[in-house]
Amino acid sequence: MTNNPMGFLDIPRKAAGYRSRDERLHDWREVERQLPEDQVRRQAERCMDCGIPFCHGCGCPLANHIPEIHALAQHGRWREALDLQLSTSNFPEFTGRVCPAPCEGSCVLGLVGDPVTIRNIELAVIERAFAEGWMKPRPPAARLATRVAVIGSGPAGLAAADSLNRIGHHVTVYENAPRPGGILRYGIPEFKLEKAVIDRRVQLMRDEGVLFECSVQVGDDLSTKFLFSRFDAIVLTGGAREPRNLTVPGRELSGIHFAMDYLRGQNMRLDGDPVPPRYDISAADKRVVVIGGGDTGSDCLGTALRQGAKSVLQIEILPEPPATRAPSNPWPTWPLIRRDSSSHQEGGSRRWAVTTIHAFGCEGAVSGLRCAGVEWSPGDGGRPQMRIQPDSEFDVEAELVLLAMGFTGPRKNKLLQELGVSFDSRGTVIRDAENMTSVPGVFAAGDLARGASLVVRAIADGRATAESVHHWLANTAMKR
Amino acid sequence: MPNDDQPAQRRPEAQGLYDPANEHDACGVGFLANINGQTSHQIITDAITVLCNLVHRGAVGGDAATGDGAGILTQIPDALFRAKTEVIADRLPPADTYGVGMFFMPQDPAARALCLSAVVEVVKDETLGFLGWRDVPTDSSVLGGQALATCPVVMQGFVDGCGLAGEALDRKLYAVRKQIQARVLPLLPPGQVFYAASFSCRTIVYKGMLTGGQVSGFYRDLSDTRYASAVAVVHQRYSTNTFPSWELAQPFRFLGHNGEINTLRGNLNQMQAREHALASDLFGADIHKILPVVDAGGSDSAALDNAVELLYRGGRSLQHAMMMLIPEAWGAKYPIGPDQRGFFEYHAGLMEPWDGPATVAFTDGRCVGAILDRNGLRPARYTVTRDGFIVLASETGVLDIAPENVAEKGALRPGQTLVVDLQKHRVMKNVEVKGLLARRHPYRRWVEENAITIQGLFGAVAPIIPDTATLLQRQRLFGYTREDLDVLLEPMASKGHEAVGSMGHDVPLAVFSEKPQTLYNYFKQLFAQVTNPPIDPIREQLVMSLMTFIGNPANILSEVPGHARLVKLQHPVLSNEDLRRIRNLNSGEFRTHTLQAGFPAGGAGAALQAALLQLAQRAESAVYQGENIVVLSDCGLASDETPIPMLLAVAAVHRHLINKGLRTRVGLLVESGEPREVMHVALLLGYGATAVNPYLAFETVAQMALDTRLGAITPAKAIENYIAALGEGLRKIMSKMGISTLRSYRSAQVFEALGISRDVVDVYFTGTASRVGGIGLDEIAAEANARWCAAREPRQDQMPILPSGGFYKLRKDGERHLWTTETITALQQAVRENDYARYQTYAALINDQTHRQFTLRGMFAFKAADPVPLEEVEPITSIMRRFVTGAMSFGSISREAHETIAIAMNRIGGRSNSGEGGEDPERYTILPNGDNRCSAIKQIASGRFGVTTEYLVNARELQIKIAQGAKPGEGGQLPGHKVNAEIARVRHATPGVTLISPPPHHDIYSIEDIKQLIYDLRNVNPGSEVSVKLVSELGVGTVAAGVAKAEADRVLISGYDGGTGASPLTSIKHAGAPWEIGLAETQQTLLLNHLRDKVRVQVDGQLKTGRDIVIGALLGAEEFGFATGALVCMGCVMMRKCHQNTCPVGVATQDPKLRACFTGRPEHLVNFCRFLAQDVRERLAALGLRSLDEAVGRSDLLETNEAVTFWKARGLDFSNVFYRPQTRTPPRCVNPRHIDLGDTLDARLLEQIGPAIEAGEKIVTHSPIRNVHRTVGTQVAGRIAQKYGHRGLPDDTVVMRFTGVAGQSFGAWAASGQTLILEGEANDYVGKGLSGGRIVVRPPAGADTSGDAHTIAGNVLLYGATCGEAYIAGRAGERFAIRNSGAVAVVEGVGDHGCEYMTGGRVVVLGRTGLNFAAGMSGGLAYVYDEDGLFDARCNLDMVDLEQVVSEADIAELRGLIERHAAATGSARAATMLAAWDETVPRFVKVFPMEYRKILGQMMREDEQTARQEVARD
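Residues numbered from 1 in each chain as written. Chains lettered and ligands numbered in written order. Predicted model: local features only at pLDDT ≥ 70, side-chain atom pairs only at ≥ 80, totals over all residues. Heavy atoms only, no water.

**Let's talk about the overall build of chain B**
For clarity, the threshold we go by: Helix numbering and strand numbering both begin at the N terminus, where a helix is a DSSP run of H or I of at least 4 residues and a strand a DSSP run of E of at least 2. In this scheme, a residue with accessible area under 20% of its type's maximum is buried, one over 50% is exposed, and one in between is partly exposed, where area comes from a 1.4 Å probe on protein chains only. Here a residue-residue contact requires only that any non-hydrogen atoms of the pair lie within 4.5 Å. The Shrake-Rupley method, run with a 1.4 Å probe, gives the accessible areas here. Residue values count only the displayed protein chains as cover. Positive charges are assigned to Lys and Arg, negative charges to Asp and Glu, while His and the chain termini are left out of the count. Every charge is mapped to an atom, namely NZ of Lys, CZ of Arg, CG of Asp or CD of Glu.
Along its length, chain B carries 47 helices and 51 strands. In terms of overall dimensions, chain B has a C-alpha envelope of 95 × 85 × 75 Å along the principal axes. Residue burial in chain B is summarised as follows: out of 1514 residues, 71% are buried. Taking contacts inside chain B between residues at least 6 apart in sequence as the whole, the part at least 24 apart equals 75%. Here chain B displays about 43,700 Å² of accessible surface, and carbon together with sulfur accounts for 51% of that area. Each charge class in chain B was averaged separately, 151 positive and 167 negative side chains, and the resulting centres sit 1 Å apart.

And the structure:
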């Protein structure tokens, strides 16, 4: 199909946008809207069908065939677009909702104007498919004799399981939480990704033959010996969920929580599952400080507002990013610019270049933070150096402090220890060019092996690892 | 001057990349005759004069005295022989009963003795009497060194007919000569020559390695007054090589040929295939003695002579033979009668045309004549005198004839012939000759009663119902990709045209691709450059034909009605219906047999080989069983069979049947799912298929239509469109090679293999060049099996879609590219931040091809050497002076981009290239900051847009663009909507009017023509260098040698993969060869020819890094060009949308909004050049070299990278690329030529005129002029433009009067203020590039040669004229006012293709025009006097309307022009018209281009804003 060569000149970018603030703050449903079909098609016409599509070649970790999907979408050829989409991507309904869209950051149109709304179009393709009933189970026609265990059901685990299952392997997914989805379910708030979307996909995978075993802590509930006896290959996809801690005086005060625990609690609550005390945290009627200016922090902000927080302040240690690309950050690299998420539009306030000196409180409960402004300057080896600004200290009152400062790597749980996989200096699992860990037959995928990153990278890595597993199994079978 | 440094050698054997088979020649030719058949010595004297006056059309070799060859063919000088053969004379029987053999004998006495006795023996064996030998008196003191060293002993042998006489004796002598050759040649020691220049009782040939002036000096017989003849054919040769070759001098035994046979390989193949079937009562049992028909080692012209000889000796008249071999075009547009059409169609089934530019002069001693090719691509001017004499030659004025003695002056027109019957004492013109021939037999009725027409019987194509259940699987089986559908098939099925793309080719060669490649991708199309012109397949489509026949008879010696029993196809693409009908013919004479072309799936090369052998044998036995149509089919193969690559199957069967002598007994059809691109069909036909049914492509486009992908187009219409696109594409591929008819394209093998092993090529593609070897049958089988696996055993997780392809646009799962997100990003950041380390990152990404190969040079490695310190290597600044940017026109890229490049290149002392499209004179002024926007290189391309005198004088280098890498052999066009006011001004065109660049330069149809154009350019700007841009292909080295001999200063070898311009995708992908091979071939050939030290060599084509440059230098280049890299530096991100005007970075667009997005700066390009130069320095240091000069030609420093282990690359062998000929000629340009124009007529006149120009004063000169005075007036024009710019001087300031016959290019680029008045006549190219001057050509006083019957000027007048006036009081030749954009001209008659591609100006034709008037005419107006009311039949109405001249303004304009013509020329015709004005006006037709009309309506609100639509780059 051919594209509209003039679309990018004639049609302005129009993103799907969000439901009104007043409306969305009173429910947990997804805040982002979806454009009507005719507008999606118009937006797809903006695609220039580049000779070198940087979106596909540089931006998208899955290498989605974005220009071709756009060409099909603009002609309303949704079914063909779907086939093309599914040829590179297991779960467009996830990335279509939560991906920060590095494709759009490298869209050639971004050189001279606003990039194509690639993520919106991706979502339109897959939701159209679900709405039309095209997403029927497609179990493999022939089953292989091989069995694979996938440990973890986050984006990498689901992608690995899905890919391996389609090839024909018997796949069992083990998840220690009550429901599958990993960070998709327990990390990302409902208002960004409704859990029904995950349930829909998981049901599809079950119908296609993937077995899900939840609330199973492999290593505790199942021995590794059992695993090796039952499975021909094991794929570890446990993520990199060890949160970076705040190491300041007062950290021990109650009311200071890791963001992931906070988000998980809210997600479990919405699932109707019992919420263990560790996660049972509420911001209702509290003054909240979120430490960390990233996506997790912003998710905490939106969650806290919906829970009825009195106020929310998000602080970030780095300086405020520029509104547009700095010269050192040229296209097609990911634009390091200030981004305002839907949550930021909903309320709360943000401060940059702020560090935490200590927490204070009374009766063991936090009541505030002592903060200070910082300055950044180029240091040795290009690594920026931070310096506390003199006389910049200030206090912030808070009954709830959420730590969203990133992750340090995988949890070294019993499973990993028993398997004896090796770790690198960053704490992630070492694997070879074929994605296998130091233990034969044990593979690793996603954040566990890469460090914390985007959902889309986890999916891409899950796919790639599935391919490695398949080749390894095929070759091993031959050797047998 | 003999030069002991250059040991005389015969033509070298093939070595390295040099192959003597690639040589070309062309020249001047002519004949003289006494119409009454009276013999005289005067004919000989005159013939020598003609030769001398054609010397400038020939060439001399490296030693400046050795001619390329010249000679004369006359009747037997019986009186001379009786007087000069003392011993023999007494026994000499009467004339016509004895034969004379003219022999070149070996110098070596022993070898000579062997030859002498062989001759005598064979003569006696054939029951003739041998009378004796005569040593032909020669004077070798006139010879040049190389000619002398190889001079044979020339001897005449006399043979008694022993009762045979005349034709019967000659036929016997033919058999004798052939047997002598067969006997002697195998015994001849190497280096010795034996050759029978002639052996006849009627004609004799004196020729040799001579210049025209040396002929009579060498052969003393010719000065003997007893040497008398009624006829003489003369020839002066221009060869692309410099090697002495006495036997390739012309004339041959019957003819002299000026031009080139492009279809030679096909003609030879088909002739060979016919040999077994030849039979004739005239020969009887002797027929086997004349085989092979075509002598080995001859030239194309020699082969043509052999073919003529066969047909003539077989009983046809000479003119009949000529018309079989060089038929005129007889398509629907030609006004010829049914009898003639019948004649041509009958013979079309018998003999494919020997196609190419040709003026052939021929004689058998009893008649003499000449014929022109169907395109009229060579000139042939004749004069008939009142005293019964005729002279015809490539030029007029070669013999002085008093005006009052002239009875008629004329020119042969395309496809025309003229024959002088010396017996009947009359000149027979074209109509008479053909009329007589056409009625020898009832050919028309034979054809009507016998031909079986298959196509079009029932109108439209029957709809196809695709088998959707298996479609995807079958598409996978034949390697279809999504791109095949989206990019290739969809435009063909929806629009009927091939798609256009841009920005060249950066994917791996097929042999390096990890994706299974179809075998087609291992072949590259050859194309015409310099030695013959490509044809315009659109505007000159009328000369082309895709008609083809099944069932052609092999015995071309007989003439019976049954020869017309043929299946006739209008084109070679068979619909499913067509194929079904052919299969249903299965009764009577035509019986069809289908053979399945498969081999066991998973089988290796041996299995494939066995299957091929079996296939060929089954075809053979089918023929023996009387089947005469064999269909090779891969339809419905068993599931465990892999389709044999159809090209291989066809080639194998075709070759096998030829070897068995059976090929002509069977039509070979293809029913295959594999072919889908035009290239695929072209290859199948080129290797022997008769017609092709691409059933899966049909099904695919039908399915696309059913899927509503093609809008409202129905499946049947989609197939029709697809077939139409294939036809158009085939015409284009043929036209690139200058081939007009499919019948002569078939099995012509005009391809070279790239990446196929010689073993495979020799067996199946015999005769095809494969210069670096490559894959064998194992690899071919493996690729086919990979497709089988993808189709039959797909992974179940695969979506039901085809693979992406990724060939035209980057896809991560598709084909690999060199320009990627990483390389572009790295390069852009490097040049913007001036970051050499980043450049090195970029360069490493490009260079490291050890693990993933793209290019041939990726397989090269530098040999280990002792490095030198970096600081000893020449500095960056001197290296950068060798850098140039590629030709990109203003119009194809934005003004911003164009000027930025020029500024950058001027800053570093390199050179930027204007491209084809003129240059704004404002840029000739230096900017206040010292920057210079003037492009140092000014390009002269076929469209000649903006090529004014001022443009030419503002150049340091003038570059003739023969071809461009992206689409060699093709023209281009800039659609009107992209021609905004600024572009139009610079190109001297009208805003909004489409500008078409023709495929050929219309002043270069042959090698001697480029010599003329180079000479023209030197005259206009003596201070500039002249370069010629060629594209790498097989034989480019010999073309480069020819160009060097044409006295160019520089030759540029472009790779096929470069090219920023928009081109048909199949041309980008399939035409031309990598520069590595072309450059190495050029270096080797120039060295072997001792020419390398006289020219500079430049290379371009995807040069990206310092490594590329150093490899280029080691292979022989001194200078280096970049285009894509330069654009990337300035922001290009390889959108590949240049043709759509939507470039988002403002580089390749004229849209003001997008141009504003341009961010490139001169510094970016300067940084790139500095990085490259630094990279070069580092590599030179590592190689132990201190300068690029030291590196040039050091291919011994290269070796194959042994680390490459890619399975398909194993068979590659670069020894021929690295080969260095043993010669003492310096490997680089150390003796550049200094061309002295001081001795020209113009220079002498300039001495008088120069001061007047300086002072701006009026001056008038008078001089006699002759045809050897070429390009007269042009030095004067250059001087005017230098001083006064385009505006020039006031009218008639410099008036130059001439009397006589002007040589070529009279008044070229004449400038404003200059008036040239010629009393007499002119040759070709009058007023070329006219830039404001006035040219008058009128007959001499007293001569009655006015009006449209008398030719007064040659072909291609006013080519690319921008302004000025021309008044021609007589008829002009073909292509009058071609690509005129502003000049005003009045002429009294024109040949074919008048006003072709005209974009502006006015032309008035007071008499008849030829065919195809106004083809491609987009602007300007023409008024044509339509006396017979049939002008509309001769006009190409595609782009013009014909109107009456009714408006006052038009009438006034027309009258004004005719009045001026009358005043300037004294034309009687003009006076008559003006006298009866009221009766004259209604007979005029106004030729009004539709586009121009539209523009005139819009002129008031001329819009700078450019529409954004498809635009083709030129």
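**Things to note about the overall build of chain A**
This is how it is decided: In this treatment the radius of gyration is a C-alpha quantity, and the globule benchmark scales as 2.2 Å times the residue count to the 0.38 power.
Regarding its fold elements, chain A presents 20 helices and 16 strands. In terms of overall dimensions, chain A is globule-like: its C-alpha atoms have a radius of gyration of 23 Å, near the 23 Å expected for 480 residues. When its C-alpha atoms are laid out on the principal axes, chain A stretches across 70 × 60 × 50 Å. For chain A, restricting intrachain contacts to residue pairs at least 6 apart in sequence, the fraction spanning at least 24 positions comes to 69%. Surface accessibility of chain A: about 19,300 Å² in total, with carbon and sulfur atoms responsible for 51%. In chain A, 57 positive and 58 negative side-chain charges are present, and the distance between their average locations comes to 2 Å.

**Here's the deal with helix 10 (residues 118-132) of chain A**
All names here are of chain A. Counted only if it meets this: How far a helix is expected to stretch is found by multiplying one less than its residue total by 1.5 Å.
Between its first and last C-alpha atoms helix 10 spans 21 Å; for 15 residues at 1.5 Å apiece the expected length is 21 Å, and the two agree. Counting buried positions along helix 10 gives 12 out of 15 residues, so the element sits mostly inside the fold. By the burial criterion, the buried members of helix 10 are Ile 118, Arg 119, Asn 120, Ile 121, Glu 122, Leu 123, Ala 124, Val 125, Ile 126, Glu 127, Ala 129 and Phe 130.

**Some thoughts on the packing of aromatic side chains**
All names here are of chain B. Stated precisely, the cut-off is as follows: Centres within 6.5 Å make a pair out of two Phe, Tyr or Trp rings, where for Trp the six-membered ring is used; the pair is then stacked when the planes are under 30 degrees apart, edge-to-face when over 60, and tilted otherwise. A ring is scored as having a charge over it whenever the NZ atom of a lysine or the CZ atom of an arginine sits within 6 Å of its centre and within 35 degrees of its normal.
Applying the stated criterion across every chain, the model contains 46 aromatic pairs over all chains. Seen in terms of ring centroids, Phe 103 and Phe 199 are 5.6 Å apart; in terms of plane orientation they differ by 70°. Their pairing is edge-to-face. Highlighted residues: Phe 103 in strand 3 (residues 98-105) and Phe 199 in strand 6 (residues 195-200), separated in sequence by 96 residues. Residue class for Phe 103 comes out buried when judged on its relative accessible area of 1%. Residue classification places Phe 199 among the buried positions, given a relative accessible area of 4%. Between Phe 1488 and Tyr 1492, the ring centres sit 6.2 Å apart and the planes meet at 70°, which makes this aromatic pair edge-to-face. As far as the burial class goes, Phe 1488 and Tyr 1492 line up, both buried. Above the ring of Tyr 480, the side-chain terminus of Arg 676 is found at 4.3 Å from the ring centroid. Directly above the aromatic system of Phe 1488 lies the positively charged group of Arg 1493, at a separation of 4.7 Å from the ring centroid.

**Overview of the packing of helix 6 (residues 166-184) of chain B against helix 9 (residues 300-313) of chain B**
All names here are of chain B. Our working rule: Every axis in this analysis is a line fitted to C-alpha atoms, fitted for helices over the stretch in contact. Angles between the N-to-C directions lie between 0 and 180 degrees. For classification, angles of less than 35 degrees are called roughly parallel, those exceeding 145 degrees roughly antiparallel, those between 65 and 115 degrees roughly perpendicular, and all remaining angles oblique. For any pair of crossing helices, the crossing counts as left-handed if the nearer helix is rotated counterclockwise from the farther one by less than a right angle, and right-handed if it is rotated clockwise. Here the nonpolar group is Ala, Val, Leu, Ile, Met, Phe, Trp, Tyr, Cys and Pro; Asp, Glu, Lys and Arg are the charged ones; every other residue, Gly included, is treated as polar.
In the contact formed by helix 6 and helix 9, the axes pass within 11 Å of each other and the chain directions differ by 135°. The angle between the axes of helix 6 and helix 9 places the two elements in the oblique class. The crossing of helix 6 and helix 9 is left-handed. In this structure, helix 6 uses Glu 167, Asp 170, Arg 171, Tyr 174 and Arg 177 to contact helix 9, whose residues at the interface are Asn 306, Glu 309, Leu 310, Tyr 312 and Arg 313. Grouping the constituent residues of the contact of helix 6 with helix 9 by class yields 3 nonpolar, 1 polar and 6 charged.

**Some points on the sheet that holds strand 5 (residues 153-160) of chain B**
Residue and element names in this part refer to chain B. To keep things clear, this is the line we draw: Here, strands pair whenever DSSP counts at least two bridges between them.
An order of 4-5-3-6 is seen for the 4 strands of this open sheet, with the pairing classed as antiparallel. With partners counted over all chains shown, the strands left at the sheet margins are strand 4 (129-135) and strand 6, one partner each. Neighbour-to-neighbour, the strand axes of the sheet open up by a mean angle of 20°, direction not taken into account. In the packing of helix 4 (residues 109-125) onto the sheet, the strands contacted are strand 3, strand 4, strand 5 and strand 6, and the crossing angle to strand 4 comes to about 150°. Sheet strands in contact with helix 6 are strand 3, strand 5 and strand 6, and its direction is about 160° off that of strand 6.

**Some remarks on the pattern of salt bridges**
All names here are of chain B. Stated formally: In the sections that follow, a salt bridge refers to a side-chain nitrogen of Lys or Arg positioned within 4 Å of a carboxyl oxygen of Asp or Glu.
Summed over all chains, the structure comprises 147 salt bridges over all chains. With its nearest N and O atoms 2.5 Å apart, the salt bridge here joins Glu 783 to Lys 1208. Taken together, the residues span a long stretch of sequence, with Glu 783 in helix 24 (residues 777-792) and Lys 1208 in the loop between strand 41 (1198-1200) and helix 40 (1215-1218) at a distance of 425 residues. Considered together, Glu 783 and Lys 1208 belong to a single accessibility category, that of buried residues. We note a salt bridge from Asp 1003 to Lys 1328, for which the minimum N-O separation is 2.8 Å. With a gap of 325 residues between them, Asp 1003 in the loop between strand 35 (995-997) and helix 31 (1007-1020) and Lys 1328 in the loop between strand 44 (1314-1322) and strand 45 (1331-1338) connect regions that are remote in the sequence. Of the residues examined, Asp 1003 reaches a relative accessible area of 0% and is grouped as buried. Residue classification places Lys 1328 among the buried positions, given a relative accessible area of 1%. It is possible to trace a salt-bridge network through shared partners that takes in Arg 895, Glu 899, Asp 920, Glu 922, Arg 933, Glu 982 and Arg 985.

**Thoughts on the environment of Leu 615 of chain B**
Residue and element names in this part refer to chain B. Mapped onto the elements, Leu 615 comes out in helix 17 (residues 605-624). Leu 615 sits in the buried class, given a relative accessible area of 1%. Those residues in contact with Leu 615, other than ones at most four positions away along the chain, are Leu 595, Gln 596, Ala 597, Leu 632, Ile 644, Ala 649 and Val 653.

**Describing the interface of chain B and chain A**
Convention followed: The term buried area denotes the loss of accessible surface (1.4 Å probe radius) that occurs when two parts are joined, taken as the sum for both partners. Throughout this description, a polar contact denotes any pair of N or O atoms lying within 3.5 Å of each other; where both atoms belong to protein, one of them has to be capable of donating a hydrogen while the other can accept it, and for residues adjacent in sequence the pair is counted only when both atoms sit in side chains.
Between chain B and chain A, the contact holds 40 residues from the first and 43 residues from the second. Across the chain B/chain A interface, buried area totals approximately 3,500 Å², and carbon plus sulfur atoms make up 57% of it. Glu 68 of chain A is paired through a salt bridge with Arg 811 of chain B; the nearest N and O atoms lie 2.6 Å apart. One can count 18 residue pairs in polar contact (both at pLDDT 80 or more) joining chain B with chain A. Listed by contribution, the elements that provide at least two residues to the side of chain B that touches chain A are helix 15 (482-495), helix 25 (821-833) and helix 37 (1152-1155) of chain B. Of all the elements, helix 25 of chain B adds the most residues to the side of chain B that touches chain A, at 5 residues.

**As for the nonpolar core**
Using the following cut-off: Side-chain atoms within 4.5 Å link the members of a nonpolar core, which is a set of buried Ala, Val, Leu, Ile, Met, Phe, Trp, Tyr and Cys residues. Residue ranges assigned to the domains are those given by an automatic or database domain assignment.
Counting residues in hydrophobic clusters, the biggest one holds 319 residues, and the most contacted among them are Phe 523, Phe 765, Phe 883 and Ile 1010 of chain B. Ranked by the residues each element gives to this core, the list is headed by helix 38 (residues 1162-1183) of chain B, at 11 residues. Here this core spans two domains, since at least three of its residues come from each of domain 1 (7-132) and domain 2 (147-241 + 408-479) of chain A. Ignoring anything within four residues of it in the chain, the contact list for Phe 883 of chain B reads Met 905, Gly 910, Arg 911, Ile 1109, Phe 1120, Phe 1122, Cys 1169, Leu 1172 and Ala 1173 of chain B. In this structure, Val 231, Ala 303, Ala 307 and Leu 412 of chain B belong to the second largest nonpolar core, which totals 124 residues.

**As for the domain arrangement of chain A**
Residue and element names in this part refer to chain A. Annotation of chain A at the domain level lists domain 1 (7-132), domain 2 (147-241 + 408-479) and domain 3 (245-405). The C-alpha centroid of domain 2 is placed 28 Å from the C-alpha centroid of domain 1. Every contact between the two is made by 23 residues of domain 1 and, on the other side, 25 residues of domain 2. Between domain 1 and domain 2 lies a buried interface of about 2,100 Å² when both sides are counted; carbon and sulfur atoms form 69% of it. Of all residues in domain 1, Asn 90, Phe 91 and Phe 94 give up the largest surface area on contact with domain 2, accounting jointly for 31% of the area buried on that side. Counting across the domain 1 and domain 2 interface gives 2 salt bridges. Between Glu 93 and Arg 201 there is a salt bridge, with the nearest N and O atoms lying 2.6 Å from each other. Our count for the domain 1 to domain 2 interface comes out at 11 residue pairs in polar contact (both at pLDDT 80 or more). Within the residue set of the side of domain 1 that touches domain 2, elements represented by two or more residues are helix 6 (78-88), helix 7 (92-98) and helix 10. At 6 residues, helix 7 tops the list of elements feeding residues into the side of domain 1 that touches domain 2.

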